[in-house]
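Working through the structure, step by step
The residues making up each chain are set out below.
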Amino acid sequence: MLTPIKRLGQNFLQDPNTIRRIVDALDAGPDDTVVEIGPGAGALTGPLADRYSRFAAIEIDDRAADLLESELPGVRIIRQDILKTDWSQLASEMEAERLHVIGNLPYYITSQILFSLLDAAPLIEEAVIMMQYEVAERLVAEPRTKSYGILSVVLQLACEVNILFPVSRNVFYPKPDVRSAMVHLRFPEKEPHASNDPAFLRTLIRTAFNQRRKTLRNSLSRLLTEDMPALPEEVSGARAEELTPDDFVRLADYLLGHSA
Ligand code: SAM
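The rules behind these values
Residues numbered from 1 in each chain as written. Predicted model: local features only at pLDDT ≥ 70, side-chain atom pairs only at ≥ 80, totals over all residues. Heavy atoms only, no water. Domains from an automatic or database assignment. Contact = heavy atoms within 4.5 Å. Buried area = accessible area lost by both parts, 1.4 Å probe. Salt bridge = Lys/Arg side-chain N within 4 Å of Asp/Glu carboxyl O. Polar contact = N/O pair within 3.5 Å; in protein donor to acceptor, adjacent residues only side chain to side chain. Buried < 20%, exposed > 50% of the residue type's maximum accessible area, 1.4 Å probe, protein only. Helix = DSSP H or I, 4+ residues; strand = E, 2+ residues; numbered from the N terminus. Pairing = 2+ DSSP bridges. Right-handed = clockwise from strand over helix to strand, strands pointing away. 1 Å grid on protein atoms, 1.4 Å probe; cavity = no way out; pocket = protein on both sides within 12 Å on 5 of 7 lines; lining within 4 Å. Points joined across faces, edges and corners; volume = space filled by probe spheres on them. Nonpolar A, V, L, I, M, F, W, Y, C, P; charged D, E, K, R; others polar. Axes fitted to C-alpha atoms, helices over the stretch in contact; angles between N-to-C directions. Near = heavy atom within 4 Å. Areas by Shrake-Rupley, 256 points an atom, 1.4 Å probe, with all protein chains shown as cover. Sits in = over half its atoms within 2 Å of the grid points. pLDDT = per-residue confidence, 0-100.

Side note on the domain arrangement of the protein
You can read the domains of the protein as domain 1 (6-186) and domain 2 (198-255). For domain 1 versus domain 2, the distance between C-alpha centres works out to 32 Å. Opposite the 14 residues of domain 1 that make contact, domain 2 presents 16 residues. Summing both sides of the interface, domain 1 and domain 2 together bury roughly 1200 Å²; the carbon and sulfur share of this comes to 65%. Three residues, Tyr-148, Ile-150 and Leu-157, lead the burial of domain 1 against domain 2; their summed loss comes to 42% of the area buried on that side. Linking domain 1 to domain 2 there are 2 salt bridges. Close ionic contact of Arg-202 with Asp-119 constitutes a salt bridge, the shortest N to O distance being 3.0 Å. Where domain 1 touches domain 2, the interface holds 4 residue pairs in polar contact (both at pLDDT 80 or more).

Some words on the pairing of strand β2 (residues 33-37)
Of all the 5 residues making up β2, 5 are buried; the element is thus mostly covered by neighbouring parts of the structure. On β2, burial covers both faces: Thr-33, Val-35 and Ile-37 on one face and Val-34 and Glu-36 on the other are all buried. Where β2 lies against strand β5 (residues 99-104), 4 bridges are found, and the strand directions are parallel. Among the inter-strand pairings, Glu-36 is bridged to a residue of β5, identified as Ile-102. Pairing of β2 with strand β3 (residues 55-59), which is carried by 4 bridges, proceeds in the parallel orientation. Considered in β3, the bridge of Glu-36 is made with Ala-57. As a crossover connection, the stretch from β2 through helix α2 (residues 45-51) into β3 is right-handed.

Overview of empty space enclosed by the protein
Any empty space left between the atoms is revealed when a probe the size of a water molecule rolls over them. Evaluation of the coordinates by the stated rule reveals 1 cavity of 30 Å³ or more. What the largest cavity holds in volume is close to 40 Å³. Taken together, Gly-9, Asn-11, Asn-104, Leu-105, Tyr-107, Phe-172 and Pro-176 form the lining of the largest cavity. In terms of residue class, the lining of the largest cavity is built from 4 nonpolar, 3 polar and no charged.

Points about the sheet that holds strand β9 (residues 180-186)
Sheet architecture is open: 7 strands sit in the order β4-β3-β2-β5-β6-β9-β7, paired in mixed fashion. Two strands bound the open sheet, and with one partner strand each, they are β4 (76-79) and β7 (160-167). Across the sheet, the mean angle separating the axes of adjacent strands is 20 degrees when strand polarity is ignored. Packing against the sheet, helix α1 (residues 16-24) makes contact with β5, β6 (124-132), β7 and β9, and its axis sits at approximately 170 degrees to β7. Contacting β6, β7 and β9, helix α6 (residues 133-140) crosses the sheet at an angle of about 135 degrees to β6.

Concerning the site of the ligand
In the vicinity of the ligand there are 23 residues, among which Gln-10, Leu-13, Gly-38, Glu-59 and Ile-82 approach most closely. Here Gln-10 contributes a side-chain N or O atom positioned 2.8 Å from an oxygen atom of the ligand. Protein chains bury 99% of the 590 Å² of accessible surface belonging to the ligand in isolation. Of all the cavities here, the one that holds the ligand is the largest pocket. Of all the elements in the fold, those that place two or more residues in the shell around the ligand are β1 (12-13) and β3. Its residues assigned to classes, the shell around the ligand comprises 12 nonpolar, 7 polar and 4 charged.

Some details on the confidence of the model for the protein
Predicted coordinates in regions of low pLDDT should not be interpreted in detail. The pLDDT averaged across the protein works out to 96; a share of 99% of its residues lies at or above 70. The least confident element of the protein is helix α10 (residues 233-236), whose mean pLDDT is 94; the most confident is β2, at 99.

Written out as structure tokens, the structure is:
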């Protein structure tokens, strides 16, 4: 048994039924390559390693890694900060074209993990991940709602997002303060709503939502340079939350002169 360390987001799954539902949520076939984020004491790791021979788990806590290596000999445990993981190197080491990712995430870095998966999107086929329920709601939020924001736009542009099921606080030790949800992300092989300049698009979305109460005319004023066209009338007086993800792609390309 591992004594949970709060600062590492350690809330260990205890309920066999929930564990089975999570592992079953992966679409990966037996020959696919699966990577677990944050295996902890191994609640998901054992069943995953039984099912997938091409498997690795990435864990920052040496105590957990020691425990897993003794209890699950032969299973590959990578002692690493997930935020320092080079997904492309990992995929090539595991001789995989695309990876299937799964994990009960450490909640203190959920957004950073999501952005790192997004940046590696061509190498990821799907991700089955547990997160705080409110964050899951943000991922699937529609325009003009309170939950709609940066994560909704960037995730919805890059992948299909589905909330699979809520997870009760009672299935963890220790019980987290927040409700949780399992989320499924499916990354198509080719990004469906690609922009001509993904870095500018990301900056545009961030800048617009950083001052979400302001009209875009005001919130984007510092981003717009002299060589860019004026904002279209209907965009200028709108707020960030009124634009759909596709509207942001169109706006980025328009400002950079890639479209009429
Ligand atoms: N998978 C286990 C389970 O479901 O019972 C543990 C999940 S626990 C919510 C999150 C796990 O992520 C912990 O084992 C923690 O040590 C690990 N972790 C925290 N920060 C990490 C990081 N930066 N990189 C890799 N693992 C991390």
